[in-house]
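Each chain, written out:
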Amino acid sequence: MKISTKTRYGMRFMIDLAQNQDGGRVALKDVAERQGISKKYLEQVVAPLAAAGLLSVTRGNQGGYALARSADAITLADIVAASEDGLELLDCTSCLDACERADACPSRRVWGGLERAMKSHLKNQTLADIAAS
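Residues numbered from 1 in each chain as written. Predicted model: local features only at pLDDT ≥ 70, side-chain atom pairs only at ≥ 80, totals over all residues. Heavy atoms only, no water.

Q: Looking at this model, I keep getting lost on helix α2 (residues 28–35). Mind explaining?
A: One turn of the α-helix equals 3.6 residues, which is why residues spaced by three or four share an orientation. What α2 keeps buried is the set Leu28, Val31 and Ala32. Axial view of α2: buried residues confined to an arc of 100°, hence all on one face. Where the residues of α2 are buried, they touch α1 (5–20), α3 (39–51) and β2 (64–67). Looking one or two residues past α2, glycine 36 carries a phi angle of roughly 65°, positive in sign. (Buried < 20%, exposed > 50% of the residue type's maximum accessible area, 1.4 Å probe, protein only. Helix = DSSP H or I, 4+ residues; strand = E, 2+ residues; numbered from the N terminus. Arc of directions from axis to C-beta. Contact = heavy atoms within 4.5 Å.)

Q: What is the right way to look at the environment of lysine 119 in this model?
A: Take lysine 119: it is sitting in helix α6 (residues 106–124). For the pair lysine 119 and glutamate 88, spaced 31 residues apart in sequence, the C-alpha separation works out to 8.9 Å. Not counting chain neighbours up to four residues away, the residues in contact with lysine 119 comprise Leu87 and Glu88.

In structure tokens form, the structure reads like this:
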């Protein structure tokens, strides 16, 4: 699985927001400047995060972005899941029907173990953990 640029930037956006919102809303242009990401691209990045209920968006002159819930209630898995189609490394690790050899394939156990470790790591790290470091 290769993590997309949109997911990487989404993670950076969410971490920046957690570090800089101080109880208020943060302008997209401010995050774009701090992160060195174009504002236009960030607009595309935040759409799935907002749709997943991770961001609160207020339009207008006094608008901006804020976390929809506390940073300790948002896991890295939540952020990745909002931007990626799934966290599976291979089709056969989550669906035995994906491969006729899935039941007997020794390498499937290797990839499945790696996938479980990755998912566990992402689920056990909150945005607050990362923003504080």
